[in-house]
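Each chain, written out:
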Amino acid sequence: MFYREAGQFHTSYAQDSQIFPLRQDRIGILVMLIAAVLLPFVANSYWLSAILIPWLVLSLVALGQNILMGYAGQLSLGSAGFMAVGAFACYNLILRVEGIPFVVAVALSGVCAALVGIVFGLPSLRIRGLYLAVATLASQFFIVWALDKFGWFKNYDPAGVITAQPIVMFGHNFATPREKYWVVLAIVAVLALLAKNMARGSIGRGWMAVRDMDVAAEVMGLSLLRTKLQAFAISSFYCGVGGALFAFAYLQTVEPSAFAIDLSFRILFMVIIGGLGTIMGSFLGAGFILLMPIFLNIFFHTVFGKSVDATITSALEQVIFGAMIIMFLIFEPLGLARLWQLTKERLRLWPFKH
């Protein structure tokens, strides 16, 4: 009975339209943020470097993909390519612009990715569905090819890789996993809040109108050109920022092949499993795709140990992981966010059934 609206009165439109209208939600978000900030004091370096930082970064990229697919209804398979644009743009900005702050470089790398996203989003004005997905898939291959072909992007490194510069802000070098985690957490939290506000405002309503019935939206006066390209630009911006953080806070040493097509498919699965058209679903889906293979690996090593060949257990892990994704999509096609929504609805009724 602790999750109820009873006794919470809204006497103005501003109160009724606030981002978290229930007091319990506001307290819960505050507790989650405090726990996230304090988490590095109890987590070791492995959890910070190998799990928490990539989870936050991939959640941000999945959020950008969700803006395009879940809210605007535009299929895309080029998210990893836009991540590559952000990563290499951030590297070159810090390399060639002396004294540029890291946050500014990350923001400008997102802008570079947004500009590329607008270019490859132009086909969405004429094609849709699977054809649009194929068009964005072409952008994935073209971006990776261009980064690999022209040596300027890699500072003419003979090995074809780049080494991310240190993260320096306010004269301090954020070098430890704990400090990098805090940097990533701050950027992801701000962008997630902005996405939540956009989704529930006029911008988000325009996206959803195009998603549900673009012809009717155009008849009512909504510009399809502006709305679709806006969705591509904002989605690519989020992917570009995520790519910059992926390179600087996680991988450190990056080559264009790190942003191959399989990464785009992983991000696509994150959005579908987490829940289309939800902010929370992006984080839940990224956690599922990232953590479930690790859990299966630990489980099989605990159960079988060295009695079974490692190649067999590895293949079995992949089979079970794929089967879990298929079963999940069959029984809960709306994703993990729907399960979270049902849980909240049941909490409002508890201990009653109806």
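**Details of the overall build of the protein chain**
Alright, step 1. Within the protein chain, the regular secondary structure consists of 13 helices and 4 strands.
Alright, step 2. By the compact-globule yardstick of 20 Å for 354 residues, the protein chain fits well, its C-alpha radius of gyration being 21 Å.
Alright, step 3. Considering only C-alpha atoms, the protein chain reaches an extent of 65 × 60 × 45 Å along its principal axes.
Alright, step 4. Going through the 354 residues of the protein chain one by one, you find that 44% of them count as buried.

**Structural notes on the packing of helix 4 (residues 79–96) against helix 10 (residues 261–274)**
Alright, step 1. Between helix 4 and helix 10, the least distance of the axes is 7 Å, while the angle of their chain directions is 115 degrees. As judged from the angle between their axes, helix 4 and helix 10 are roughly perpendicular. Contacts from Ser79, Ala80, Gly81 and Met83 of helix 4 reach helix 10 at Leu263, Ser264 and Ile267.

**A few points about unusual backbone geometry**
Only a minority of non-glycine residues have a phi that is not negative, and only a minority of peptide bonds are not trans.
Alright, step 1. With a phi close to 60 degrees, asparagine 155 is a non-glycine residue in the positive phi region.
Alright, step 2. Checked against the element boundaries, asparagine 155 lands in the loop between helix 6 (130–149) and strand 1 (162–163).
Alright, step 3. Exposure remark for asparagine 155: the relative accessible area of 35% places this residue in the partly exposed category.
Alright, step 4. The phi torsion at glutamine 252 lies on the positive side, around 70 degrees, for a residue other than glycine.

**Observations concerning the nonpolar core**
Alright, step 1. Counting 82 residues, the largest nonpolar core has Phe102, Tyr238 and Phe259 as its most contacted members.
Alright, step 2. Of all the elements, helix 3 (residues 45–71) adds the most residues to this core, at 13 residues.
Alright, step 3. Phenylalanine 259 has contacts with Ala80, Met83, Ala84, Ala87, Phe88, Gln140, Val144, Phe246 and Val254, leaving out every residue within four places of it along the chain.

**Quick word on the side chain of glutamine 165**
Alright, step 1. With respect to the helices and strands, the residue glutamine 165 is situated in the loop between strand 1 and strand 2 (168–169).
Alright, step 2. On the basis of relative accessible area, glutamine 165 is assigned to the buried category, the value being 15%.
Alright, step 3. A polar atom in the side chain of glutamine 165 sits 3.1 Å from the backbone oxygen of tyrosine 91.
Alright, step 4. Setting aside residues up to four positions removed in sequence, glutamine 165 forms contacts with Tyr91, Ile94, Leu95 and Phe248.

**With respect to helix 13 (residues 336–349)**
Alright, step 1. End to end, helix 13 covers 20 Å across 14 residues, agreeing with the expected 20 Å (1.5 Å per residue, within 8%).
Alright, step 2. Buried within helix 13 are the following residues: Leu336, Ala337 and Leu342.
Alright, step 3. Check the buried side of helix 13 and you find it contacts helix 10, helix 11 (279–304) and helix 12 (310–331).

**Things to note about the pattern of salt bridges**
Alright, step 1. Taken as a whole and judged by the stated rule, the model has 2 salt bridges.
Alright, step 2. Across the pair lysine 154 and aspartate 148 runs a salt bridge, and its minimum N-O distance is 3.6 Å.
Alright, step 3. Of the residues examined, aspartate 148 reaches a relative accessible area of 49% and is grouped as partly exposed.
Alright, step 4. Residues arginine 211 and aspartate 212 are paired through a salt bridge, measuring 3.1 Å at the closest nitrogen-oxygen approach.

**A word on helix 3**
Alright, step 1. If you check helix 3, its first and last C-alpha atoms are 36 Å apart, about what 27 residues at 1.5 Å a residue would give, namely 39 Å.
Alright, step 2. Within helix 3, the axis deviates most sharply at glutamine 65, by approximately 30 degrees.
Alright, step 3. The buried fraction of helix 3 amounts to 21 of the 27 residues, a majority that puts the element mostly inside the structure.
Alright, step 4. Where helix 3 begins, one side-chain oxygen reaches toward the backbone nitrogen of tyrosine 46, 3.2 Å away; that side chain belongs to asparagine 44.

**What about the packing of helix 3 against helix 10?**
What describes two packed helices is the angle between their axes and the distance between those same axes.
Alright, step 1. At a closest axis distance of 9 Å, the pairing of helix 3 and helix 10 adopts a crossing angle of 70 degrees. Taken together, the axes of helix 3 and helix 10 lie roughly perpendicular to each other. Across from Leu58, Val61, Ala62, Gln65, Asn66 and Met69 in helix 3, the residues of helix 10 making contact are Leu263, Arg266, Ile267, Leu268, Met270 and Val271.
Alright, step 2. Split by residue class, the contact of helix 3 with helix 10 holds 9 nonpolar, 2 polar and 1 charged.

Calculation rules
Residues numbered from 1 in each chain as written. Predicted model: local features only at pLDDT ≥ 70, side-chain atom pairs only at ≥ 80, totals over all residues. Heavy atoms only, no water. Helix = DSSP H or I, 4+ residues; strand = E, 2+ residues; numbered from the N terminus. Rg over C-alpha atoms; globule rule 2.2 N^0.38 Å. Buried < 20%, exposed > 50% of the residue type's maximum accessible area, 1.4 Å probe, protein only. Axes fitted to C-alpha atoms, helices over the stretch in contact; angles between N-to-C directions. Parallel < 35°, antiparallel > 145°, perpendicular 65-115°, else oblique. Contact = heavy atoms within 4.5 Å. Core = buried A, V, L, I, M, F, W, Y, C linked by side-chain atoms within 4.5 Å. Polar contact = N/O pair within 3.5 Å; in protein donor to acceptor, adjacent residues only side chain to side chain. Expected span 1.5 Å × (residues − 1). Salt bridge = Lys/Arg side-chain N within 4 Å of Asp/Glu carboxyl O. Bend = angle between axes of the 7 residues up to and from the residue. Nonpolar A, V, L, I, M, F, W, Y, C, P; charged D, E, K, R; others polar.

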